[in-house]
Amino acid sequence: MSAEIEIESVLVENRVFPPFENLVKHANISGMDAYRALCDEADRDPEAFWARLGRENLVWAKPFTQALDESQAPFFHWYADGEMNVSANCLDRHLNTPVADKTAIIFESDDGKVEHVTYKQLHARVCEFANGIKALGYKAGQRAVIYMPMSIEAVVAMQACARLGIIHSVVFGGFSSKSLHERIVDVEAVLVITADEQVRGGKKIPLKPAVDEAIGFGGCESVSKVIVYRRTGTPVSWAEGRDLWMHEVCAGQAQTCEPVALSGEHPLFILYTSGSTGKPKGVQHSTAGYLLWSLMTMKWTFDAKDDDVYWCTADVGWVTGHTYITYGPLAAGLTQVVFEGVPTYPDAGRFWDMIQRHKVTVFYTAPTAIRSLIKLAESTPAVHPREYDLRSLRILGSVGEPINPEAWMWYYKQVGGERCPVLDTWWQTETGAHMITPLPGATPLKPGSCTLPLPGIAAAVVDETGEEVERGKGGFLVIKRPWPSMVRTIWGDPERFKKSYFPPELKGWYLAGDGAQRDSDGYFWIMGRIDDVLNVSGHRLGTMEVESVLVAHELVAEAAVVGRPDETTGEALVAFVVLKRPLPQGDEAVAIAKQLRDWVGKEIGPIAKPKDIRFGENLPKTRSGKIMRRLLRVVAKGEEITQDVSTLENPAILQQLSQSV
Ligand code: PRX
C-alpha cells in the first residue's frame, strides 16, 4: 500500500436528481427510510441480517446453522454448514412456478438472429450438458476452463459446472493463447470448454486454435478433454480422443440431472484479474454467499420485477458477466437479453435498436461504451438514441469505471429520456457484486458519484493508519465488515490474498485498492486506483503485467508503463521503452512500436496493447535506481513538469521521452 494517495481527478457535481415517484411507489426498497431501516438492521446485528437474507432468498438442500464463521479471518466463511446448489437456485427453483415457461434468455447473434429460451428449456439444456460431462467422469472440486463467445452455450457451460460442483474459470475470449495457457496451468484444469470461433462485428475470430496453441505450450497434462461448441462450422484441427463436440457430449443425455448439494463455501469459480504484480490473481468465489449477494443486488439495485426485460452488455469473461448475466438474473427469474456482438455493428445504433426491439426495461453497460456511442451519435444523426423508441426503459446502470458527469448526463437525457435513474454501481471482481450504488426508488442521484453503500456493506474512507478521513478529503476505500460475496482467497496463493486485501495497519478491514472521498452528504466519489492497476475501457490491467511482457521481447532492455486519461477509454496505456539497440528514428521507430504492440497483443490480448509507445535511451530514475513513475505520468499526459526533479539522476531523459513515435 503506498503511503501517498495520488488522485487523478474528481469532478464534484452539485446537481442532485431525486428519485422518480413512479419508481419509488413500486420499488423493492421504497424510499430512503426503507433503505435506512435495512442499514440499521444490518448494523445492529450483521450476522442476523445476513442469516435472514440467506434463509429467505436461497433454496437450501440442508439449512445452515451459522451464517458467518470468523475463526479463520481474513478467510471468512459464510453459510459453510448449509448445503445448496447454485444451478438449482437459478433454474430448478422456477420449475414449478409460472416462471418455468417464461423466456430466460433472448439471445441475439452478431448478425441479428434471435433465439428465445424458456427457463424450462434452459434447465433441460444445462442438465443434458451436465450429464454429458458427468459421463466423462468429471466431478465436484475439479476445474474447467471456459473460453467461449457470448452465447447461450456459455451460460449453459457455466451453469452445468455449477450443477456438478466443478469450479469454472472463464477466460475472456479476447485473451491470447498465452494468457489462456497461464490460467489452465494455474488452476490445473481437467477440462477446457471452447468454441470453434467467435463472431464479433462481422468478423470471425478463432478460439479453438488458441486452445490448441495454449495446450501445445506444455504443462497442461491435467487437461483430458476439450469440448467444442460449433458456432460457425469453420473446420478446426482435431485431437482424436481429446476433442469432443459439445452437441455430441449432450446427445442422448437425460434432460434432468440431480444438482449436487454443496457446502455454502464450495468454490463456485475462479476469475483472474490484474493486480499490482506481473501475475494476475485468481479470485476465488464461493457458492452460497456469492449467489445470495448476486440475487439481492438484482432485487435491490435493479429493482427486479417479473415483467422486466433486463440487459447487461458485459461479456461472461468478466465478473460483470458472471454476476449479472449467468447467475443473478437467472436466480431472480428475469427475462434477459444476451448479445453476441459489439455496440457499433452493423452501426452505432445497435444498442438502441435492440432496446427498442426487445423492449428492454433495465439496461446495464459501461461508461466506455457510452462515451464512444456519444461521439458516433453526435456525428451520425441516424444512430442517435432519439431516433429510437426507448420508452420501455425504466432503469439505467453503469459499471466498471468512473462515469464522468458529461457522459452521465447524456446517458440520462438521451437514452433515459430524463425518466430513468442512472445507477453508477461501484464494485470489483473481488467483491462479487455491487457494493456502493444508488437504489432506483430511494437514492437522490449526483452525476459522477456511486452514492451510498448497500445495506450491510460497511464502506469507509480512511488514511494509512486506519483513521476515517474528514468529509471532502481523499483516502483509501475500505470495507470494515465481511460480506457474503467477498473474495475467499487467491487461488493457490493465500499469502498474497492476505497481503493484497488485509494489510495489518488497517485492522483487518478489506482494502479495495481504490482512492475515494465522501462529500458532506456522505456520498462516495471514487477517485481511481491507488496501486499500479489501470482501467482501460473498464478492463483492469496491471502496469507490471504489461511491463514484464515488454521486457521479455528480444529488442527491449527496460520498460515502464503508466496510464494517461483518455476521452473514450477512461485511461490509456503509455509505454516508455529502452531498447537494446540505438534509439530508433522515423519509420523505424514506428515499425518497432508496431512490433511491440503486436507482441503485447499476442502475449496478453489486444486490450493490453499500449496506445502510445515512447523510446528513450534511459528511464527517469532516482540516484538509487528507482524509476520515477510519477514523472512518467506527467510526461505521458504531455504536461509541463513542475515537480522537483532534483533527485533525478538523468533529467535530460524527460525531453527525449516526451516525443511520441
Ligand atoms: O477502480 C475501480 C473500478 O474498477 C475496479 C474493479 O475492476 P474489476 O475488478 O475489473 O471489476 C469491474 C466490474 C465491477 C475498481 O477497483 N470501478 C468499478 N466500478 C466503478 C469503478 N470506478 C468508479 N466507479 C465505478 N462505478
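All values reported here derive from a predicted model rather than from experimental measurement.

**Student:** How do you make sense of the overall build of the protein when you look at a structure like this?
**Tutor:** Scanning the protein from terminus to terminus reveals 19 helices and 30 strands. At 24 Å, the protein has a C-alpha radius of gyration in line with the 26 Å of a compact globule built from 661 residues. Considered along the principal axes of its C-alpha atoms, the protein spans approximately 75 × 65 × 60 Å. When each of the 661 residues of the protein is scored for burial, the buried share is 61%. Summarising the internal contacts of the protein: among those between residues at least 6 apart in sequence, 71% fall at separations of at least 24. In the protein, 69 positive and 83 negative side-chain charges are present, and the distance between their average locations comes to 2 Å.

**Student:** Help me out: how do you make sense of the UniProt feature "binding site: Mg(2+)" (unreviewed entry) in the protein in this one?
**Tutor:** The sites that UniProt annotates as "binding site: Mg(2+)" (unreviewed entry) are V551, H553 and V556. Inspection of the secondary structure assignment puts V551 in helix α16 (residues 543-551). Overall, the relative accessible area of 35% leaves V551 in the partly exposed class. Beyond its immediate chain neighbours, meaning those up to four positions away, V551 contacts V556, A557, E558 and A559. Relative to the helices and strands, V556 is located in strand β28 (residues 556-566). Beyond its immediate sequence surroundings of up to four residues, V556 is in contact with L550, V551, V577, V578, L579, K580 and L596.

**Student:** Is there a simple way to explain the site of the ligand in this structure?
**Tutor:** Around the ligand, the surrounding shell holds 17 residues, and the nearest of these are D424, T429, D514, R529 and R540. Contact distances for the ligand include 2.8 Å between a nitrogen atom and a backbone N or O atom of T425. The separation between an oxygen atom of the ligand and a polar side-chain atom of Q428 is 3.0 Å. When the free accessible area of the ligand is taken as 540 Å², the share hidden by the protein chains comes to 95%.

**Student:** When you look at the layout of surface pockets in this model, what are you seeing that I'm missing?
**Tutor:** A water-sized probe, rolled over the atoms, reveals where empty space remains. Its volume calculated, the second largest pocket comes out at about 300 Å³. Surrounding the second largest pocket, 16 residues form its lining, D43, P453, I457, A458 and A459 being those nearest its centre. At the level of secondary structure, the elements contributing two or more residues to the lining of the second largest pocket comprise α2 (31-44) and β21 (459-462). In terms of residue count, the dominant contributor to the lining of the second largest pocket is α2 (three residues). Across the lining of the second largest pocket, the residue classes tally to 10 nonpolar, one polar and five charged.

**Student:** How should I be thinking about helix α8 (residues 208-216) in this particular structure?
**Tutor:** Residue pairs spaced three or four apart in an α-helix point in one direction, given the helix's 3.6 residues per turn. Burial in α8 covers these residues: K208, A210, V211, D212, A214 and I215. Structurally, α8 contributes buried residues whose contacts are with β6 (143-147), α7 (177-187), β8 (191-195), β10 (203-206), β11 (225-229) and β12 (243-245). Within two residues after α8, G218 carries a phi angle of roughly 95°, on the positive side.

**Student:** Would you explain unusual backbone geometry in this entry?
**Tutor:** Generally, phi is negative for residues other than glycine and the peptide bonds are trans, each holding for most cases. Of note, the amide linkage connecting A73 to P74 takes the cis form, showing an omega dihedral of 5°. Looking at where P74 falls in the secondary structure, it is placed in the loop between β1 (68-69) and β2 (77-78). Omega for the peptide link from Y345 to P346 comes to 0°, which places this bond in the cis form. On the secondary structure map, P346 appears in the loop between β17 (335-339) and α12 (350-358). At T451, a position not held by glycine, the phi torsion is positive, near 65°.

**Student:** Looking at this structure, how should I read the environment of G522?
**Tutor:** Looking at the element boundaries, G522 is found in the loop between β24 (510-518) and β25 (524-529). Counting along the chain gives 69 residues from G522 to P453, while the straight-line C-alpha distance between them is 9.9 Å. Setting aside anything within four residues of it in sequence, one finds G522 in contact with T451, L452 and R471.

**Student:** What is the right way to look at the UniProt feature "domain: AMP-binding enzyme C-terminal" (unreviewed entry) in the protein in this model?
**Tutor:** The positions UniProt marks with the feature "domain: AMP-binding enzyme C-terminal" (unreviewed entry) are residues 545-626. Strand forms 32% of residues 545-626 and helix 30%; the C-alpha atoms that close the span are 18 Å apart.

What counts, and at which threshold
Residues numbered from 1 in each chain as written. Predicted model: local features only at pLDDT ≥ 70, side-chain atom pairs only at ≥ 80, totals over all residues. Heavy atoms only, no water. Helix = DSSP H or I, 4+ residues; strand = E, 2+ residues; numbered from the N terminus. Rg over C-alpha atoms; globule rule 2.2 N^0.38 Å. Buried < 20%, exposed > 50% of the residue type's maximum accessible area, 1.4 Å probe, protein only. Contact = heavy atoms within 4.5 Å. Lys, Arg positive; Asp, Glu negative; His and termini not counted. Charge placed at Lys NZ, Arg CZ, Asp CG, Glu CD. UniProt positions renumbered as here; feature names shortened; annotations may be inferred. Near = heavy atom within 4 Å. Polar contact = N/O pair within 3.5 Å; in protein donor to acceptor, adjacent residues only side chain to side chain. Areas by Shrake-Rupley, 256 points an atom, 1.4 Å probe, with all protein chains shown as cover. 1 Å grid on protein atoms, 1.4 Å probe; cavity = no way out; pocket = protein on both sides within 12 Å on 5 of 7 lines; lining within 4 Å. Points joined across faces, edges and corners; volume = space filled by probe spheres on them. Nonpolar A, V, L, I, M, F, W, Y, C, P; charged D, E, K, R; others polar.

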